[in-house]
Every structure is written in structure tokens, then in C-alpha cells.
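Examining the three-dimensional arrangement
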Amino acid sequence: MVMGKVGGIILDESVVFGRDDENGNASVLPAAEYLLRKLRHSSIPTGISYGLSLSTHKMSLLKRTAKLHSCDCFSLDASSLDNALNGIGLNWGDAGGIILYLVSNDKKDVFLKMTDRGWLIIVPNVEGGNAGENSSLLYIKKLEELPLTICRLNKKAVNYNVVTVGFIMKPSREEDFAKRGAFPMRPTENGLIFMPLTFDLPISSQLEEIDVILHKATDEIISVELSSSSEFADKVTFTRGMNELERYMAHYPDFCSIDPLKNIYPVLDRLKIQQILHDLEDLNKEGCKTIRGPHFLKIDDFNEPDLGQRLLEANLTLPSIVKPQIACGVADAHSMAIVFKVEDYKDLSTPLPAVVQVQEGSGDHVIVDVNYLPSFKEVPDTIAIPAFWDAIKSRFESLKTKQAMSLPPTQVNHFT
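Residues numbered from 1 in each chain as written. Predicted model: local features only at pLDDT ≥ 70, side-chain atom pairs only at ≥ 80, totals over all residues. Heavy atoms only, no water.

Focus on the overall build of the protein
Defined as follows: In DSSP terms, a helix is any run of H or I states spanning at least four residues, a strand is any run of E spanning at least two, and both are numbered starting from the N terminus. Any residue under 20% of the maximum accessible area for its type is buried, any over 50% is exposed, and the rest in between are partly exposed; the area is computed with a 1.4 Å probe on protein chains only. Whether two residues are in contact is decided by their heavy atoms, any of which lying within 4.5 Å being enough. Counted as positive: Lys and Arg. Counted as negative: Asp and Glu. His and the chain ends are not counted at all. Note on charges: their place is set at NZ of Lys, CZ of Arg, CG of Asp or CD of Glu.
Looking only at helices and strands, the protein features 13 helices and 19 strands. Taking the principal axes of its C-alpha atoms as reference, the protein extends roughly 85 × 65 × 40 Å. Relative to its full complement of 416 residues, the protein shows a buried share of 47%. Look at the contacts in the protein between residues 6 or more apart in sequence, and 69% of them connect residues 24 or more apart. Seen as two clouds, the 43 positive and the 55 negative side-chain charges of the protein have centres 3 Å apart.

What to know about the environment of Ile98
With respect to the helices and strands, Ile98 occurs in strand β4 (residues 98–102). Once the C-alpha coordinates of Ile98 and Lys216 are considered, the two residues, 118 residues apart in sequence, prove to be 33 Å apart.

Describing a nonpolar patch on the surface
Definition in use: A residue counts toward a patch only above 30% relative accessible area and without a salt bridge, and it is joined to like-charged neighbours within 9 Å or, for Val, Leu, Ile, Met, Phe, Trp and Tyr, to nonpolar neighbours within 5 Å. Where accessible areas are quoted, they stem from the Shrake-Rupley method and a 1.4 Å probe; at the residue level, only the protein chains shown are allowed to cover. Salt bridge, as used here, is a side-chain nitrogen of Lys or Arg placed within 4 Å of a carboxyl oxygen of Asp or Glu.
A cluster of nonpolar residues, Met336, Ile338 and Phe340, forms a patch on the protein surface that exposes about 340 Å² of accessible area. By secondary structure assignment, the location of Met336 is in the loop between β16 (320–324) and β17 (337–339). Looking at Met336, the relative accessible area reads 49%, which means it is partly exposed.

Describing the environment of Lys142
Along the chain, Lys142 falls in the loop between β7 (137–140) and α5 (146–157). Sequence-distant contacts of Lys142, that is, excluding residues within four places in its chain, are made with Pro124, Asn125, Asp200 and Leu201.

Re the sheet that holds β16
Under the convention used in this document: By the convention used here, strands pair only if DSSP detects at least 2 bridges between them. Angles run from 0 to 180 degrees between N-to-C directions of axes, and those axes are lines fitted to C-alpha atoms, restricted for helices to the stretch in contact.
Strands sit in the order β15-β18-β16-β17 across an open sheet of four strands; the sheet is antiparallel. The strands lining the two open edges of the sheet, one partner per strand, are β15 (296–299) and β17. Strand-to-strand, the axes of this sheet are offset by a mean angle of 30°, without reference to chain direction. Pairing analysis gives three bridges linking β16 to β17, with the strands arranged antiparallel.

Quick notes on the packing of aromatic side chains
We count it as follows: Under the pairing criterion, centres of Phe, Tyr and Trp rings, with the six-membered ring standing for Trp, must be within 6.5 Å; the plane angle then separates stacked pairs below 30 degrees from edge-to-face pairs above 60, leaving the rest tilted.
One pass over the full model with this rule turns up eleven aromatic pairs. Residues Phe177 and Phe183 carry aromatic rings whose centres are separated by 5.7 Å and whose planes lie at 20° to one another, so their mutual orientation is stacked. Look at Phe177 and you get buried, because its relative accessible area is 7%. With a relative accessible area of 3%, Phe183 lands in the buried category. Summarising the aromatic geometry, the rings of Phe302 and Tyr345 are spaced 6.3 Å apart at their centres and angled 35° between planes, so their arrangement reads as tilted. Separated by 43 residues along the polypeptide, Phe302 in the loop between β15 and α11 (307–313) and Tyr345 in the loop between β17 and β18 (354–358) bring together distant segments of the chain.

With respect to unusual backbone geometry
Cis peptide bonds are those with omega within 30 degrees of zero, and the linkage from Leu318 to Pro319 qualifies with 0°. Residue position: Pro319 is located in the loop between α11 and β16. Residue Leu352 is joined to Pro353 through a cis peptide bond whose omega torsion reads -5°. Looking at where Pro353 falls in the secondary structure, it is placed in the loop between β17 and β18. Positioned with a positive phi, Asn315 is a non-glycine residue whose angle comes to about 60°.

Let's talk about helix α10 (residues 270–278)
Quick reminder of the rule: Under the rule applied, a polar contact is a pair of N or O atoms within 3.5 Å (in protein, one hydrogen donor and one hydrogen acceptor; residues adjacent in sequence only if both atoms are side-chain atoms).
Those residues of α10 that fall on the buried side of the exposure criterion are Arg270, Leu271, Lys272, Ile273, Gln274 and Leu277. On its buried face, α10 is in contact with β14 (291–292), β15, β16 and β18. Its side-chain oxygen at 2.8 Å from the backbone nitrogen of Leu271, Asp269 defines the N-terminal cap of α10.

Quick notes on the pairing of β18
Of all five residues making up β18, five are buried, and the element is well covered by its neighbours. A two-sided burial pattern is seen for β18, the buried positions comprising Ala354, Val356 and Val358 on one face and Val355 and Gln357 on the other. Where β15 and β18 come together, four bridges link them in antiparallel fashion. Opposite Ile299, over in β18, you have Ala354 as the bridge partner. Bridge count between β16 and β18: five bridges; the pairing is antiparallel.

Some words on the side chain of Ser49
Here Ser49 is to be found in strand β2 (residues 46–50). Classification of Ser49 by relative accessible area gives buried; the value is 0%. Here Tyr101 takes part through its side chain, which lies 2.7 Å from a polar atom of the side chain of Ser49. Sequence-distant contacts of Ser49, defined by excluding residues within four places in its chain, comprise Ile10, Leu11, Asp12, Glu13, Leu62, Phe74, Leu76 and Tyr101.

With respect to the nonpolar core
This is how the line gets drawn: Note on terminology: a nonpolar core comprises buried Ala, Val, Leu, Ile, Met, Phe, Trp, Tyr and Cys residues joined through side-chain atoms within 4.5 Å.
Judged by nonpolar contacts, the single largest core of 34 residues is most densely connected at Ile9, Leu100, Leu102, Leu146 and Ile150. Of the residues forming this core, the biggest block, five residues, is contributed by helix α2 (residues 30–40). The contact partners of Leu102, leaving out residues within four places of it in the chain, are Ile9, Ile10, Leu11, Asp12, Val15, Leu35, Ile122, Leu143 and Leu146. In this structure, Ile168, Phe238, Leu268 and Cys328 belong to the second largest nonpolar core, which totals 31 residues.

Structure follows, in C-alpha cells:
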């Protein structure tokens, strides 16, 4: 089989368009839309090819789709392969690796000769077929499997001398990170390869290729039930996919996660966050500015008669900020009210129980919140993204070192 690092990806029109509807209108397959979204910020050049007989309507749709996902369009059929290669060369230059060409099963034979030019022909959606390969073709069951295929090819090309990071989060958050260049599918300078995970495929087959997982599990929360206990595990309801991932990590305790699920439970509760921040005072040194959490108060009823006195006893002055105790994972977790008079508390619609904080002008360094996987939008990409990669690599190496130290000597040699 043609091997090497992936230098470019081209989707033939046959895997992009679905069947025309009863009115003869074409549409882009959801799987193709999904794949193009994942490839847009992958750092791998991507294009869509079409034949000379493509209808005007489909041509228009193809160009709109290509523009939406920032990919190129190439005319490519049996009679114009050499011209197409020239066009691809002009657009992409030296791709620096093999070209993956995705084409339907009934059109694959036309393009087999391209394997002599360093192309790998990939055929998705083979009816009843299992993933397999021979010297010139690679079969995959679904288009959604292509990121997994890219990951495997790139790892082989560098003799597995990389750390593969699987990531899962809501689409809008992923887009924010990806458009800054945070999730390249090509190896980074410090040896990371990123692979998007999807709950639409068996999670176990994807994690077999992964060294460490980066997740935003709070994006996958259905409901949160507050508890007086410090244990949140029984009180959080995740999506089916996240439950599957959680079971996998429980079954393979040595599997590396940047943030183990048990570590995220405290950030679901603003009251527990404030209690964590209270311990910052232990870090203070004489002669330095004070680092601490804010003054705060938990409220169960906005109409309690001695509320004003309780606010004073908690060193809370007006105006104050009121937020739900549940910090994330539910629809109204980020609702907020600013109160200027004590009597205004009676009219608040902020969900209860709530936590009250105050904007302070004390001169202390007051840390008001705890988050994980922050976006650091205020930091330039040239600084934030390399630091993000270095943090992931450092965390992975730290986890592996701890695992190795916990093994008996005979197992350490096998582990390393």
C-alpha cells in the first residue's frame, strides 16, 4: 500500500453529494459536511474534485461548500488527470506527503493509476464490506472514519514517535480552538498529533490509536443534582457517548486523560469552587500582595428576612453579583444578576440555591473562578497555542512517569 505522511486530501464529488431528491435537487451528505468541518483547520490541504459533466446546480453547490470549508476545487476525470495534477501542484506546491483520494466504489478503477503518483485511493461506504486494504486501495466503512485513518498513516510515517491526542468537545468550542491552529492532524513541533473523536463511531476503536485524551466533559452533561457530599459522581448525568468513554477509562485505568473525570466534579459547584479558592490564602507570603478568593455567601431563599445582615457578616457590599450554585452543565448555569439594593434581591429570577460575590477594590489579587480547558482568547495565538501543546505534552509525560514508578521493576522494563 502507498505509505507516508498525509500531505493532502481530495474528496471526489461521488462521496460529497447524496442522491437527488424527487425534484432533482442535490444536497451535500451529512457525513461529507462533518468531514470537511474536521479537515478545515487540520493543517492538511483539502480539496473537492468534480467531473466535466457535473451539472450547473451541483457545480454551484460544490463551490459554495468548498468556500464554506476553505478548501479547493479541482476538475478531475479520466481524460484530464495530468492537467489536474498540474492544478493541484500550483495550489498546494509540494504536498510533503501522500495524497488521499476519497472516491465511491463504482468510480475507483478510473483513478487507480494515481497510486503511481503517490496517491492512496480510499473507498468509503462499501456495502457489507469491512475495513481492509491491499496494495492500492484502502476501504473504510464510513467517511467519518477518515480522521482515524489519517492518524494511523501519520503515526506510521514517523515510526510512532509521536503522542496522539484524542479530543472531544461541543462543536462551537472545537471550532474556537481549531481555527487558532490548536488541533493539527499533522505532527506539531513538539511531537503531537490531534485526532477528533466522535460518539457516532465505537469509541473503543478510536481510543486504540490514542495516547492521551483531552475532553470537555461538561459539554456532555445532561443534568446535575447538587449534593452536600463531596462526591459528585452519582449526581451527574452524562450523554450516552460520554458514559461509554467513562466506562472505557474505568476499564483501562492506565489510560491517560488530561483531566480525569473525578477532578472536574468540584468545578460544577460554585460553592465548592469558593471553598477551594479559600485555600489560596495558604500560598501568601509576607511582603507580597495577598492572593485569595472573593467574599461569598450561599443563598437558599431571596426572601429570607435577615438577608441584609447576612451579607454584611460575609463582608459583601453592594453592588454584588449573584449566580446559580450549579456552575455548568445545565441551561441556566451561566445566568447572572447584578444587585444594587438589598430589596432588589426579592425580585431575582436567578435559580436557587445561589452564590453571591462582590466586585472588590481591595488591592488584593482576588481569583473569583476556577475553570478547566480555558481558551485564553486574550493571549496571541503565537504564544497560546505552543504553550497549549507544551502543557499537553508535559502532562502526558508526567502521567506516564507516575505510572512507571508505580509498577514493579519487571514491569517497568516492559512498560518503557
